[in-house]
Amino acid sequence: MAIPKGPEWMRLILWCLQRFGQLGATALSAAVDLFQNWLVLAAFGEKTLTPILLDRYADILVAAIERRDSPFPRNGEPLPEIKYAVTRDALDTARLHLALWAMTSPGAAERYLIAVKESKRPEEAMSRILEFPGRLPGAAPAEFSAAFLRALEDDEEEGEFRMGPACRRSYAVSRVDSPFVRGRCGIGVFTEILEAAPATGVAFIRALTESACAREESDLGFSVQFLGETRSIEALFSYGWSRGSAPSAMLTKALAAMEHWAHRRLDGGETLDAVIGDIIAERPIVGALWLLIVDLVLSHSSLNGAVLREVLLSLETLALDAGRANVDAIDRMGGGFLGRAWRAGPAADQAVEEDLAGRVSRSVALHDVIPQIVFNLSKEELGTLQAQFNAAVSRLGPWTDEVVDWASPQFMASHALRLTARDNYELVTEKDAAGKERKGWIYKWPPGQKKWLEEGSAKANAEHLTFSRSLAVRAAMDDETKIVNVSATDAEVILDETAAVAPGEDEASHDPNDPWLARVSAAAFLARVGSQEEVARRRQEITSIFGQALQSYQDRSRALPRDDIMYDAYAMAIAGRLYLAATSGGEEDAEDLLQTVAAFPASAAPAFLRHGGAVQKIDELLLISLSRIALLACMIPRRAHYGEDEAAYGKRRTELESRLASRIEAERQWRKGGAEPDWPTPPPRRPRRRKLTLTIGGTGGAEKRVPREPEWSDYYYDERTGTAWLRILARLGPSAGSTSKAVMRANRDWLLETNRPVEDTEDGGYIERVWTRGLMDYAAAHARHWSEDICQELVFDVLKAFSDEAFIDAAAAFIVQSDLHLIEGNAADRAYLLSVREALWPRLKETWHWRSHLWSSRDGMEIHLKELVSAFFMRLSYGFGDGQSYTKGLSDPELSLFLPLLSEIAGEAPSCPTITYLYLNVLECLDPSTAEGPLAITAERWAKEANNRFWNELGVGRRVLNIGQKAAILSDISAWNAVCEALMASGVTVGAEFIERLHGEASR
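Quantities reported herein were computed from a predicted structural model and do not represent experimental measurements. (Residues numbered from 1 in each chain as written. Predicted model: local features only at pLDDT ≥ 70, side-chain atom pairs only at ≥ 80, totals over all residues. Heavy atoms only, no water.)

K.L.:
Could you give me a rundown of the overall build of the protein chain, with the residues and numbers involved?
P.N.:
Counting its secondary structure elements, the protein chain contains 48 helices and 9 strands. Expressed as a percentage of the 1004 residues in the protein chain, the buried residues total 49%. Across the protein chain, the fraction of contacts at a sequence separation of at least 24, relative to all contacts at a separation of at least 6, is 72%. A total accessible area of about 48,200 Å² is found for the protein chain, and carbon and sulfur atoms account for 52% of it. (Helix = DSSP H or I, 4+ residues; strand = E, 2+ residues; numbered from the N terminus. Buried < 20%, exposed > 50% of the residue type's maximum accessible area, 1.4 Å probe, protein only. Contact = heavy atoms within 4.5 Å. Areas by Shrake-Rupley, 256 points an atom, 1.4 Å probe, with all protein chains shown as cover.)

Right under this line is the structure:
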């Protein structure tokens, strides 16, 4: 809205305030905007009028809550009066600015939060508040805390469906936690409450934590003598929640806020007893808060502090904290990947989390403090400490095992007692990082426990080395472009270590440390990088490994194809055979590869795609044979129904196996000089269903029969694997022109029949996309090198004969892939790309999708049509979103070649924002003087038909003006005059300088 000047501010605001309750919805929404402008642009801390405006905002928000909670009127009852009816945008504005300026009017904030607390669905309102809490937590801490806790309670209807306290996370908790999970709010919400009202904040976070513990299965706790009293520690499972393992994001952030607040108080000079006393209450302490206290003690207590001594004497706490310290150590080594590194949150959260990560408690376990105490206490004090640990050992029993169990309080008691004896330490001398010698004491473990630790460490190191070596080999084999950090020697070590390993009997293992997978990977890697002598020495062994891998549970490859190699033993073995064939060039290896591809086309595809270097080394004829075999092997016998006779299904399998065997023999003869076999094609598509229609006014009581379901073919076709093999075949490049034409010619009839236009009686709700797009992608890589007649026959005539939907899908694939192959080529390549667009543009205008889009008044565009239109403008678009352009590397002359056609497309849809954006994106890549001419002509057409929203709200006017203003010369003054008139009529500001320029150039 327009902003008033000078004294009109106050007059208009006072007028609105006097009539606030009588204003209609539109006027009241405008008043809300007026108040917002005052608060943002004119108030600047003004404290007389601002609280009154915020009170009115609170009135609107409270009325909205009451209106939502009121029951619907029954039939015959009068409709209730709607108080303060405003639009959704005005309601959001009121909430946002009340939160932003809450400290100026705490009363208004309190009224709003009380209404939230007393509403029927407080979780909905609280979730919206947490999207932008502003200063509400600090302005009304008690009311905010009460509303927050109330929002976490399930209502009665929700509670009826909960079978138990730990059955599932409640809807209310999920709704309130959502803004914390998405990072819209964070630690600052709780910090503000703690700073504004410490007692309220502590009670709030304590209640929040205890309510979460109450929803979980509880376990037995323990007692501890602490701060002069015996206190009970419960909900031990929550010990560690502040490290990111809490059941909700808000709990982790609340505990972080309380810990940070406590650290700052202690840094400021307050005593540990006082701060901890404010945190704990008379009732039992839950594990999450107990860890917070341990953090404070570890970070701030002196070595002879009484509080530290009391915590150390709790053996259960020592056992709990040992596990926590391990988690912290892993998190520290991983740079926070267990918690803070992946948690979303405002920028202010990062500073708090980094401060907490640097505290002493994050780098030391509680039991690690005992050695430091031992050498700083007097003999009398040390004797007292030993006596206390002796009492604990007597209570729990001595630990006699030679195993170290950090989670056992019994072990911790005996271990702590040994740590207090100075005789159990040895003085050693070591050099620090600077090279200086320093002396220190190290603990001497009992012989049995020392041996157990050393054996465990050695075993872990050996397992880690084995796994790392195996993983490095598999990673290297997953993609030939990856950096290789292992050698043939490592592969031979793995083969020796796994000599006794055999493949599983039932199914493939998904264990990343599977020894059989490691063995197959090592054999394949040796075939890839090993010298001729190394491969020859182990050739029998590795070929045997490949054979075993490809003989086990063969049906899985067809049922569950994978895209990777490193976790697929089949693909790994096939990659190994590929390298053997590429290295030797022998017929025996070629035969093995043919048989393997025939049996495992889905696993062979990623092996060939990810090892293009090996593919290029094998004979070109062999690759063509392999591709033909693979495309035929993509046929999968279909069961007619679950109860089909096994013999009938077995017959189809036998027939396919016979066809594959015959094809392998034919390929063998072709490579010896015989006739070339035909390229296989998928089975015919299942005939379309008859369209179901509703019969109206039937006569004679005759019932219309339901049309019979069309019969399926005897075979499925694995189109996904087939398209992968087309990408492999494309590696032959332009030199294999006859092959590419043969593939497309073999599939021409299938494409025409499968994608033909739908008849009126047929159901056209489904088109075949995968194989059709795969063929178009393949043709795009070769059609540039075909003659014009061949290209017309195999691509353009085929595409034009498709149904509208099939044409849009396939043409988009062909244009995009043609661009990606040729856009950075020479001038002839780009001229070809323009000819492709010119050939397909008339067919696009005939589609029902394009014609209906021109009739539509909507701003958007159907996603499949958008994909094709975006391709014309050299932009990738899949589904929703802006997509990705690939024009920025082209020079002005290279890109200008396409402008006449693109201008024609943009002019054909003069009110479509989507096409306009695509067109302007291209023009903005050019020098403004180059873009101005085509834009002036096109924008003049837009000016005749586009509406005000097109120019103003959607930003088209600003972008058009920006190009025109930067152009050195304006080519069409009359066109620019028409554009400027349309812009000014829609409310877009046209600079006086540009208007004067138009007038000046017109006068010349």
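K.L.:
Requested: an account of the side chain of Ser314, with residues and values cited.
P.N.:
Tracing the backbone through its elements, the reader meets Ser314 in the loop between helix 16 (306-312) and helix 17 (315-333). If we ignore the near neighbours within four places in the chain, the residues touching Ser314 are Phe222 and Val224.

K.L.:
Go over the pairing of strand 1 (residues 222-226), please, and point to the residues and values.
P.N.:
Burial along strand 1 is one-sided: Phe222, Val224 and Phe226 are buried, and none of Ser223 and Gln225, which face the opposite way, are. When strand 1 meets strand 2 (residues 229-234), the two strands line up antiparallel, connected through 5 bridges. Across the sheet, the residue bridging to Phe226 is Glu229, located in strand 2. In sequence, strand 1 turns back onto strand 2 through a hairpin of 2 residues, with Leu227 there showing a positive phi of about 55 degrees. (Pairing = 2+ DSSP bridges.)

K.L.:
Can you explain the sheet that holds strand 3 (residues 285-286)? Please cite residues and give values.
P.N.:
One open sheet accounts for 3 strands, arranged 1-2-3; its pairing is mixed. Unpaired on one side and paired on the other, strand 1 and strand 3 mark the two borders of the sheet. Bridge analysis of strand 2 against strand 3 gives 2 bridges, and the strand direction is parallel. When the sheet's bridge partners are listed, Glu234 is paired in strand 3 with Val286.

K.L.:
For unusual backbone geometry, give the residues involved together with the corresponding values.
P.N.:
For Leu227, which is not glycine, the phi dihedral falls at a positive 55 degrees. One can find Leu227 in the loop between strand 1 and strand 2. Although it is not a glycine, Met874 adopts a positive phi angle of roughly 60 degrees. With respect to the secondary-structure elements, Met874 resides in the loop between helix 40 (863-872) and strand 8 (875-876). Take Met874: its relative accessible area is 0%, and that puts it in the buried class.

K.L.:
Any details on helix 18 (residues 347-357)? Residues and values, ideally.
P.N.:
Of the residues making up helix 18, those classed as buried are Asp349, Val352, Glu353 and Leu356. The buried residues of helix 18 occupy an angular sector of 95 degrees when the element is viewed end-on, so they sit on one face. Contacts from the buried residues of helix 18 go to helix 11 (187-196) and helix 13 (249-267). (Arc of directions from axis to C-beta.)

K.L.:
Lay out helix 46 (residues 956-966) with the relevant residues and their values.
P.N.:
Every buried residue of helix 46 is accounted for by Val956, Gly957, Arg959, Val960, Leu961, Ile963 and Gly964. The elements touched by buried residues of helix 46 are helix 43 (913-923), helix 44 (928-945), helix 45 (948-951), helix 47 (973-985) and helix 48 (992-1003).

K.L.:
Quick one: what's the story with the nonpolar core, residue by residue and with numbers?
P.N.:
In terms of nonpolar packing, the biggest core is built from 169 residues, with Phe608, Trp942 and Trp951 touching the most fellow members. Residues within four places of Trp942 in sequence aside, it is in contact with Ala906, Pro910, Thr916, Tyr919, Leu920, Leu935, Phe950, Trp951, Val956 and Val960. (Core = buried A, V, L, I, M, F, W, Y, C linked by side-chain atoms within 4.5 Å.)

K.L.:
I'd like to hear about the environment of Tyr832, residue by residue, with values.
P.N.:
Mapped onto the fold, Tyr832 is located in helix 38 (residues 827-846). By relative accessible area, Tyr832 is classed as buried at 11%.

K.L.:
Any details on the pattern of salt bridges? Residues and values, ideally.
P.N.:
If you walk through the whole model with that rule in mind, you get 52 salt bridges. Residues Arg264 and Glu195 are paired through a salt bridge, measuring 2.9 Å at the closest nitrogen-oxygen approach. Of the two residues, Arg264 is situated in helix 13 and Glu195 in helix 11; the sequence distance between them amounts to 69 residues. A relative accessible area of 40% means that Arg264 is categorised as partly exposed. Of the residues examined, Glu195 reaches a relative accessible area of 45% and is grouped as partly exposed. The partner of Glu541 in a salt bridge is Arg538, and the shortest N-O contact between them spans 2.7 Å. Within this pair, Glu541 and its partner Arg538 are both found in helix 25 (residues 532-551), separated by 3 residues, close to a single helical turn. (Salt bridge = Lys/Arg side-chain N within 4 Å of Asp/Glu carboxyl O.)

K.L.:
Lay out the packing of aromatic side chains in plain terms, naming residues and giving numbers.
P.N.:
Tallied over the entire structure, the rule returns 26 aromatic pairs. When the ring of Trp406 is compared with that of Phe411, the centres are 5.6 Å apart and the planes differ by 90 degrees; the resulting orientation is edge-to-face. Exposure remark for Trp406: the relative accessible area of 27% places this residue in the partly exposed category. Ring geometry for Tyr443 against Trp445: centres 5.2 Å apart, planes inclined by 75 degrees, an arrangement best described as edge-to-face. Of the residues examined, Tyr443 reaches a relative accessible area of 16% and is grouped as buried. (Phe/Tyr/Trp six-rings, centres within 6.5 Å; stacked < 30°, edge-to-face > 60°.)

K.L.:
I'd like to hear about the confidence of the model for the protein chain, residue by residue, with values.
P.N.:
The predicted model of the protein chain has a mean per-residue pLDDT of 84, with 88% of residues at 70 or higher. In the predicted structure, residues 158-168 sits below a pLDDT of 50 and forms 15 contacts with residues beyond four places in sequence or in another chain. Low confidence marks residues 555-560, where pLDDT is under 50. Its contacts with residues over four positions away, or in another chain, come to 15 contacts. (pLDDT = per-residue confidence, 0-100.)

K.L.:
Before we move on, can you summarise a nonpolar patch on the surface with the specific residues and values?
P.N.:
A contiguous nonpolar surface patch, about 240 Å² in accessible area, is contributed by Leu96, Leu100 and Phe132. If you trace the backbone, Leu96 turns up in helix 4 (residues 88-100). For Leu96, a relative accessible area of 37% translates into the label partly exposed. (Patch = residues over 30% accessible without salt bridge, like charges linked within 9 Å, V, L, I, M, F, W, Y side chains within 5 Å.)

K.L.:
Summarise the packing of helix 44 against helix 46; cite the residues concerned and give the values.
P.N.:
Describing two packed helices takes the angle between their axes plus the distance from one axis to the other. As a packed pair, helix 44 and helix 46 sit with axes 8 Å apart at the nearest point and diverge in direction by 140 degrees. On the basis of the axis angle, helix 44 is oblique to helix 46. Once helix 44 is placed against helix 46, the crossing between them reads as left-handed. Contact with helix 44, carried on its side by Pro928, Ala931, Glu932, Leu935, Ala939 and Trp942, involves Val956, Val960, Ile963 and Lys966 of helix 46 and no other residues of that element. Residues that form the contact of helix 44 with helix 46 fall into these classes: 8 nonpolar, no polar and 2 charged. (Axes fitted to C-alpha atoms, helices over the stretch in contact; angles between N-to-C directions. Parallel < 35°, antiparallel > 145°, perpendicular 65-115°, else oblique. Left-handed = near helix turned anticlockwise from the far one by under 90°. Nonpolar A, V, L, I, M, F, W, Y, C, P; charged D, E, K, R; others polar.)

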